[in-house]
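An overview of the molecular structure
These are the residues of each chain, in order.
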4 protein chains.
Amino acid sequence: MRASHKNLDEIVNLIEKQMKATGIQLLWGTSNLFSRPLYMHGAATSPDARVFACAAAKVKKALEVTRRLGGENYVFWGGREGYETLLNTDMKLEQDNLARFFEMVLEYVEEINFTGQLLIEPKPMEPTKHQYDFDSASVLAFLRRYGLEDYFKLNIEANHATLAGHNFQHELRYARINDMLGSVDANQGDLLLGWDTDQFPSNLYSTTLAMYEILKAGGLAPGGLNFDAKVRRASYQPEDLFYGHILGMDSFARGLETAHSLLESGEIEEFIAERYQSYQQGIGKKIREGKISLKELAAEALDYRLPDLELDSGRQEKLEAIVNRHLLRA
Amino acid sequence: MRASHKNLDEIVNLIEKQMKATGIQLLWGTSNLFSRPLYMHGAATSPDARVFACAAAKVKKALEVTRRLGGENYVFWGGREGYETLLNTDMKLEQDNLARFFEMVLEYVEEINFTGQLLIEPKPMEPTKHQYDFDSASVLAFLRRYGLEDYFKLNIEANHATLAGHNFQHELRYARINDMLGSVDANQGDLLLGWDTDQFPSNLYSTTLAMYEILKAGGLAPGGLNFDAKVRRASYQPEDLFYGHILGMDSFARGLETAHSLLESGEIEEFIAERYQSYQQGIGKKIREGKISLKELAAEALDYRLPDLELDSGRQEKLEAIVNRHLLRA
Amino acid sequence: MRASHKNLDEIVNLIEKQMKATGIQLLWGTSNLFSRPLYMHGAATSPDARVFACAAAKVKKALEVTRRLGGENYVFWGGREGYETLLNTDMKLEQDNLARFFEMVLEYVEEINFTGQLLIEPKPMEPTKHQYDFDSASVLAFLRRYGLEDYFKLNIEANHATLAGHNFQHELRYARINDMLGSVDANQGDLLLGWDTDQFPSNLYSTTLAMYEILKAGGLAPGGLNFDAKVRRASYQPEDLFYGHILGMDSFARGLETAHSLLESGEIEEFIAERYQSYQQGIGKKIREGKISLKELAAEALDYRLPDLELDSGRQEKLEAIVNRHLLRA
Amino acid sequence: MRASHKNLDEIVNLIEKQMKATGIQLLWGTSNLFSRPLYMHGAATSPDARVFACAAAKVKKALEVTRRLGGENYVFWGGREGYETLLNTDMKLEQDNLARFFEMVLEYVEEINFTGQLLIEPKPMEPTKHQYDFDSASVLAFLRRYGLEDYFKLNIEANHATLAGHNFQHELRYARINDMLGSVDANQGDLLLGWDTDQFPSNLYSTTLAMYEILKAGGLAPGGLNFDAKVRRASYQPEDLFYGHILGMDSFARGLETAHSLLESGEIEEFIAERYQSYQQGIGKKIREGKISLKELAAEALDYRLPDLELDSGRQEKLEAIVNRHLLRA
């Protein structure tokens, strides 16, 4: 590992020079703890403490390099932090160890004064059968259990969202309302395929609704949009790299314009405000403020004449038409 | 609602009489907050505060009835607590309201001195597109956010686990190691179908691994196994109800015997203990006890000669053969 | 059944009058052979010959009514023609019987001189676990086995395509190149849900690529676009029906414009023509015309210098960008 | 390619010697037409005729080698015969070319007098997005279109069946009743994962129902059971290969015993015979023999008193219990 670290230092010297020359800055640093056979059973969740130590050494080095290069974030990929079969797995110990690993990281970033945002990237499966960072909710349940929720945010990836049975917007929304939206891996998958295809984003619905959440979050800083994408195998010529990046950038640019147009018009926001307005007064307000009990609410409800209780429509079809209109005219 | 409550009281009188006559006891009470059009947008997460109040009235009554009948638990089904489309949804307000609802429930059960266990039943979708109680992890993330985790446990359903992309054992294990395993809806789904088929359990792998988790948890009390199952549409004759229940009971009985045999033999438990033994001494022990830092671990790892670091095998195939052996000989 | 037929005749009298008054014509007739308990085990594939006879009577009547009303097509929905479990199923007899049913239908439509197109609508599952009309390929394999392929075309439904693991365009393309594209059920599903949601179509990619296939097929006559769609449960007000239909019509209208723009520009067509041009001359032409043998081709290939064999790129990213451009500017 | 063929000949000399020395015989030969970049767009379905020629040369050689080694079958894997995106694909030309390729193969096997069975192995996806040999039905639809159905049989793989949305037994049953069951790739996948995991078979339900179909087919000759399986990544030690093979063999052995027990007992077979007995006499017999028309059947049905038409139960739960009983007592 000493040799590897030394080689890395030389490369980092070069990178540093190029960064200065070009002005390109570093969004985040990370380390790969899943490709080498060493990590076949996991890294911080390996049943072998020596592997945990190797992971510690690698992450320590990567944190130092990220700090040196001025990285704004540091991303933890779950990789093989999970299991292939429950038959051989002590899930409790593994999750405890993963928490200990993050605690050590927190201590170390303070020691070296790395002030970048720490990010965890949810992914449900692949390479292992089940990863503990399955989706945003799994990560939050974990962080909250170990009192770590104030020190991490999430790096949401479109293709990981859909593999976990959620759409991209859901994961962004969930992260946003939990104050955990850190950064975004901007790609797309194929919902008819069960693996991470990491395609360059082309679907304008996906980019529009993603940018809608990002705008509602007030932007991503210190995070950003990162193309964790690759061209298709059959797009193997150099120019395909350009086509892929242009496609991805244009798709997000149009998504931004459409989301901006949607928000400017206020059509969606006003609909939602109107839809929930019963929580702005009367019993609704009391519910929100915790000033009414189950018993009081029940007494209230007993007097309702149920067939007379007219509800609003959810208007899904109308709202979808609004999105289409803004998409085409943005 | 008054009339409905009055009718319910008459039925409950009958039920109470029959319970005394037969000695049959009540595992849990619950209420259905999703079938009526009133709940089309959710119950405690409805955008209409009057619907929240109706849900409060219904749950209040159901809690009283459950207490009166000596119910050991009370189950909350997510039902329509979720969304059909994010376009019309204030997810933050809805989740806050759901938490407020549970807080009101806690206050009320104390008031009426209902000492049964409160349970939440995760289910990812159906009837709505996305339910907030998606899986065990989602529920835990939610409960921990609002400081409610000490007052609820989980009611795990096999078919809901698989719809959420997990196997039954995973959800039971995850609930168990988080001290949240309350009760079990014992059925099975068809993994090639995307809806809740609620079949009577027949798969002995599923029942064996479920009972394995339940035995490891020291049993389920005050919970139990509940057949949330129905016979197939084409099994429409009265005797099919018997065949279904016999199938389900026999399957869980055999699962219990096999799980007991597995645990008695110690083959799996010893394998796991051996697999993680590096955490019982040296740096592993220090990791577990929080007595070693990232820097110290990194220093340790720098001296490893990586190709010499022989790892144990995960032995999945051998372990699967052990399960088959116990299944056939239990 | 006599009473039912009589009632139907009265309704048909009314329908006929209204059709004359409004000028609205009939795209297709059909019959529902799956809702009644009678069809719990299937209709033409029921293990009970009396049920087969009931299905015959119902379809006979429906064919007569369709003829009387000038229906341009008659659609067979698989419904329960399939199985719940292979354990109780004679798949061979059931498929033979289904073929016999279709043969009887052919004889009868000739007898009554019904000249509308007969259509089969593929659907993989729901209500049963597995339906024989799983997808277009399954239907073609079936029809070709029994020599029925000249008498039927396909009614492709978007949501059924995705439930079978294909996208909508795939099923349309497959039907088109097999000269089997008859009519279209224009809706959409939710790829993260495993059941038939039958949503009004809003996704402009889906409608564009559908209209692309339809234009390439030279249109659909005698078929058409049929909204087999319903508003979401929460869109329960009368105006939602208008919003839904407007959304669906606008989406297909924009899809038509975009597909027309794509075809007018020739960008995709020319790319494809160029991509396959090696089959227009030399050995490619001989392959297409069956004028070269495996041995001759092998001899040819032996002289290739493989690293020198430069292939074209598939250009997926560029093509996706072209679709986006036409979508936005159409 | 000449050099490659020469190298192959040397290896084949060695193989031949070892086969003679050990008595081990060859189940089938095949060739890999998807790993090399040359086949990135397909082999017989490549848009480049030179690639078609390379595939021809490779298959010609592989057929010769298979014949020389006494191979009982030759398997065609779809590999990349399909598409990544319909946007760049001439599906009609590609399928026509694939048919031409098979015609050339038929001509050549006759020329060299290779009498082994030709097999096609369905697989829906992976490595490409969509492969033309999606499932058994897709292959049959294709073969029947081009008049090739008498010259090929199917090589069914468990894990490919589930990826296509069918269970293993379904694909075996479908192949069997269409007289197309040739050989079997005996492995299993993980239904919660969307890729080909190729696990050693351990699930006794899967092996029992597979052997049930194989016994009903009168065995597999000239085919056989082939473990297209690999140990899990974490099972990386040499002994794991033994554990994997022992697991697979034991699982199929127990499956054979259980299927034999089921068939010997006649419980399932008799149930099915009884279930369909209405087709052995009266109108049922006439339906099967094509001696009754839609009109005659309709006349018959008009006299049924529908509520009186008692149907048998499908008895799924009872049948599942029978399978469990035989599994445990076989």
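For the structure itself, look to the data block above.
Heads up: these notes are all about the structure in this document. Keep in mind the model is a prediction, meaning the values are calculated, not measured.

Let's shift gears to the overall build of chain A. Within chain A, the regular secondary structure consists of 12 helices and 8 strands. Principal-axis analysis of the C-alpha atoms gives chain A an extent of 75 × 50 × 40 Å. Taken across its 330 residues, chain A has 64% of its residues classed as buried. Sequence-distant contacts in chain A: of pairs separated by 6 or more residues, those separated by 24 or more amount to 76%. Carbon and sulfur atoms provide 51% of the accessible area of chain A, an area that totals close to 12,700 Å². For chain A, the centre of its 37 positive side-chain charges and the centre of its 48 negative side-chain charges are spaced 3 Å apart.

Our next topic: the nonpolar core. Core analysis: the largest hydrophobic core is formed by 364 residues, its most contacted members being Leu63(A), Leu63(B), Leu63(C) and Leu63(D). Not counting the four nearest positions on each side in its chain, Leu63(D) is found in contact with Leu294(C), Tyr74(D), Val105(D), Tyr108(D), Val109(D), Ile112(D), Phe114(D) and Leu118(D).

On to the relation of the copies chain A and chain B. The operation relating chain A to chain B is a screw motion whose rotation component is 180°, with 0.0 Å of axial translation and a residual RMSD of 0.0 Å. What we have between these two chains is a two-fold relation. In terms of C-alpha distance to the rotation axis, chain A has Ala141(A) as its closest residue, with the C-alpha 1.9 Å off the axis. A share of 100% of interface residues in chain A that are also interface residues in chain B marks the association as one of identical surfaces.

With that settled, the discussion passes to the interface of chain C and chain D. Chain C puts 95 residues into the contact, and the matching count from chain D is 95 residues. Taken as a group, Leu87(C), Asn88(C) and Leu294(C) account for 9% of the area that chain C buries against chain D, more than any other trio of residues on that side. Applying the counting rule to chain C against chain D returns 4 salt bridges. Between Asp303(D) and Arg2(C) there is a salt bridge, with its nearest N and O atoms 2.5 Å apart. On inspection of chain C and its partner chain D, the count reaches 38 residue pairs in polar contact (both at pLDDT 80 or more). Of the residues in the side of chain C that touches chain D, the class split is 50 nonpolar, 22 polar and 23 charged.

Using the criterion set out here, one finds 42 aromatic pairs over all chains in the structure. Residues Tyr205(A) and Tyr205(C) carry aromatic rings whose centres are separated by 6.0 Å and whose planes lie at 75° to one another, so their mutual orientation is edge-to-face. Linking Tyr205(A) in helix H7 (residues 204-216) with Tyr205(C) in helix H7 (residues 204-216), this pair reaches from one chain into another. A relative accessible area of 13% places Tyr205(A) in the buried class.

It is worth spelling out helix H2 (residues 49-68) of chain C at this point. Residue and element names in this part refer to chain C. With 20 residues, H2 extends 29 Å from end C-alpha to end C-alpha; this agrees with the ideal 28 Å at 1.5 Å per step. With 15 of its 20 residues buried, H2 lies for the most part within the structure. Looking one or two residues past H2, Gly70 carries a phi angle of roughly 75°, positive in sign.

Across the boundary between the two partners, chain A contributes 95 residues, which contact 95 residues of chain B. Where chain A abuts chain B, roughly 8,700 Å² becomes buried across the two surfaces, and 65% of that area is made up of carbon and sulfur atoms. Linking chain A to chain B there are 4 salt bridges. In this assembly, chain A and chain B are joined by 38 residue pairs in polar contact (both at pLDDT 80 or more). Looking at the side of chain A that touches chain B element by element, the count peaks at 13 residues for helix H3 (residues 91-111) of chain A. The class makeup of the residues in the side of chain A that touches chain B is 50 nonpolar, 22 polar and 23 charged.

In the superposition of chain C on chain D (RMSD 0.0 Å, axial shift 0.0 Å), the rotation amounts to 180°. A symmetric contact is evident, with 100% of the interface residues of chain C recurring at the interface of chain D.

Turning our attention to the sheet that holds strand S8 (residues 225-226) of chain C. Strand order across the open sheet formed by 6 strands is S1-S2-S4-S6-S7-S8 (chain C), with parallel pairing between neighbours. Here the strands that pair on one side only, and so sit at the sheet edges, are strand S1 (28-30) and S8 of chain C.

All right, on to the packing of helix H7 (residues 204-216) of chain B against helix H12 (residues 316-329) of chain B then. Residues and elements named next belong to chain B. Where H7 contacts H12, the axes come no closer than 11 Å and their chain directions differ by 100°. Here H12 runs roughly perpendicular to H7, going by the angle between their axes. Side by side, H7 and H12 meet where Leu204, Tyr205 and Thr208 of the first sit next to Val323, Asn324 and Leu327 of the second. Of the residues belonging to the contact of H7 with H12, the class tally is 4 nonpolar, 2 polar and no charged.

The subject of this paragraph is the sheet that holds strand S2 (residues 73-77) of chain D. Sheets are built from strands that pair by backbone hydrogen bonding, the pairs being arranged parallel or antiparallel. All names here are of chain D. Strand order in this open sheet of 6 strands is S1-S2-S4-S6-S7-S8, and the pairing throughout is parallel. At either end of the open sheet lies a strand with only one pairing partner, and these are strand S1 (28-30) and strand S8 (225-226). As paired elements, S1 and S2 share 3 bridges and run parallel to each other. The residue bridging Thr30 from the neighbouring strand is Val75, located in S2. Running at roughly 155° to S2, helix H2 (residues 49-68) makes contact with S1, S2 and strand S4 (117-121) of the sheet.

All names here are of chain A. Position of Asp196 among the secondary structure elements: in the loop between strand S7 (181-185) and H7. Take Asp196: its relative accessible area is 10%, and that puts it in the buried class. When residues no more than four places from it in sequence are discounted, the contact partners of Asp196 are Lys123, Glu126, Glu157, Asn159, His160, Leu163 and Lys230. At 3.2 Å, the side chain of Asp196 forms a polar contact with the side chain of Lys123. A polar contact of 3.2 Å, which involves the side chain of Asp196, links it to the side chain of His160.

So, on to unusual backbone geometry. In this structure, Pro127(A) follows Glu126(A) across a cis peptide bond, with omega equal to 10°. You can see Pro127(A) is positioned in the loop between strand S4 (117-121) and strand S5 (130-131). Residue Glu126(A) is not a glycine yet carries a positive backbone phi of 70°. Relative to the helices and strands, Glu126(A) resides in the loop between S4 and S5. You will see that Asp179(C), though not glycine, has its phi angle at about 55°, which is positive. Looking at the secondary structure, you find Asp179(C) in the loop between helix H6 (168-177) and strand S7 (181-185).

Quick look at the packing of H3(A) against helix H11 (residues 294-302) of chain B now. The contact between H3(A) and H11(B) brings their axes to 9 Å, and the two run at 100°. Between H3(A) and H11(B), the angle falls in the class roughly perpendicular. The segment H3(A) lies against H11(B), with Phe101(A), Met104(A), Val105(A), Tyr108(A) and Glu111(A) engaging Leu294(B), Lys295(B) and Leu297(B). By residue class, the composition of the contact of H3(A) with H11(B) is 6 nonpolar, no polar and 2 charged.

A few words on the side chain of Thr258(B). Tracing the backbone shows Thr258(B) in helix H8 (residues 238-265). In contact with Thr258(B), other than residues within four places in its own chain, are Thr208(B), His326(B), Leu327(B) and Ala330(B).

Following the criterion strictly, the structure yields 71 salt bridges over all chains and no others. The partner of Lys61(B) in a salt bridge is Asp9(B), and the shortest N-O contact between them spans 2.7 Å. On the criterion of sequence distance, the pair formed by Lys61(B) in helix H2 (residues 49-68) and Asp9(B) in helix H1 (residues 2-22) is long-range, its members being 52 residues apart. Assessed through its relative accessible area of 27%, Asp9(B) is described here as partly exposed. A network of salt bridges, in which partner residues are shared, links Arg173(A), Arg176(A) and Glu213(A).

This part covers the pairing of strand S7 (residues 181-185) of chain B. Sheet faces and side chains relate simply in a regular strand, where the side chains alternate between the two faces. Residue and element names in this part refer to chain B. Burial analysis of S7 places 5 of its 5 residues in the buried class, the great majority of the element. Pairing of strand S6 (residues 152-157) with S7 involves 4 bridges; the strand directions are parallel. In the strand pairing of S7, Glu157 is matched with Asp185. Read from S7 through H7 to strand S8 (residues 225-226), the crossover connection turns out right-handed.

A few words on the pairing of S4(A). Residue and element names in this part refer to chain A. Burial of S4 is extensive: 5 of the 5 residues sit out of reach of the surface. Alternating residues of S4 divide into Gln117, Leu119 and Glu121 and Leu118 and Ile120, and every residue in both groups is buried. For strand S2 (residues 73-77) and S4, the ladder comprises 5 bridges, and the chain directions are parallel. If you follow Tyr74 over to S4, its bridge partner there is Leu118.

Procedures and definitions
- Residues numbered from 1 in each chain as written.
- Chains lettered and ligands numbered in written order.
- Predicted model: local features only at pLDDT ≥ 70, side-chain atom pairs only at ≥ 80, totals over all residues.
- Heavy atoms only, no water.
- Helix = DSSP H or I, 4+ residues; strand = E, 2+ residues; numbered from the N terminus.
- Buried < 20%, exposed > 50% of the residue type's maximum accessible area, 1.4 Å probe, protein only.
- Contact = heavy atoms within 4.5 Å.
- Areas by Shrake-Rupley, 256 points an atom, 1.4 Å probe, with all protein chains shown as cover.
- Lys, Arg positive; Asp, Glu negative; His and termini not counted.
- Charge placed at Lys NZ, Arg CZ, Asp CG, Glu CD.
- Core = buried A, V, L, I, M, F, W, Y, C linked by side-chain atoms within 4.5 Å.
- Least-squares fit on C-alpha atoms with pLDDT ≥ 70 in both.
- Buried area = accessible area lost by both parts, 1.4 Å probe.
- Salt bridge = Lys/Arg side-chain N within 4 Å of Asp/Glu carboxyl O.
- Polar contact = N/O pair within 3.5 Å; in protein donor to acceptor, adjacent residues only side chain to side chain.
- Nonpolar A, V, L, I, M, F, W, Y, C, P; charged D, E, K, R; others polar.
- Phe/Tyr/Trp six-rings, centres within 6.5 Å; stacked < 30°, edge-to-face > 60°.
- Expected span 1.5 Å × (residues − 1).
- Pairing = 2+ DSSP bridges.
- Axes fitted to C-alpha atoms, helices over the stretch in contact; angles between N-to-C directions.
- Parallel < 35°, antiparallel > 145°, perpendicular 65-115°, else oblique.
- Right-handed = clockwise from strand over helix to strand, strands pointing away.

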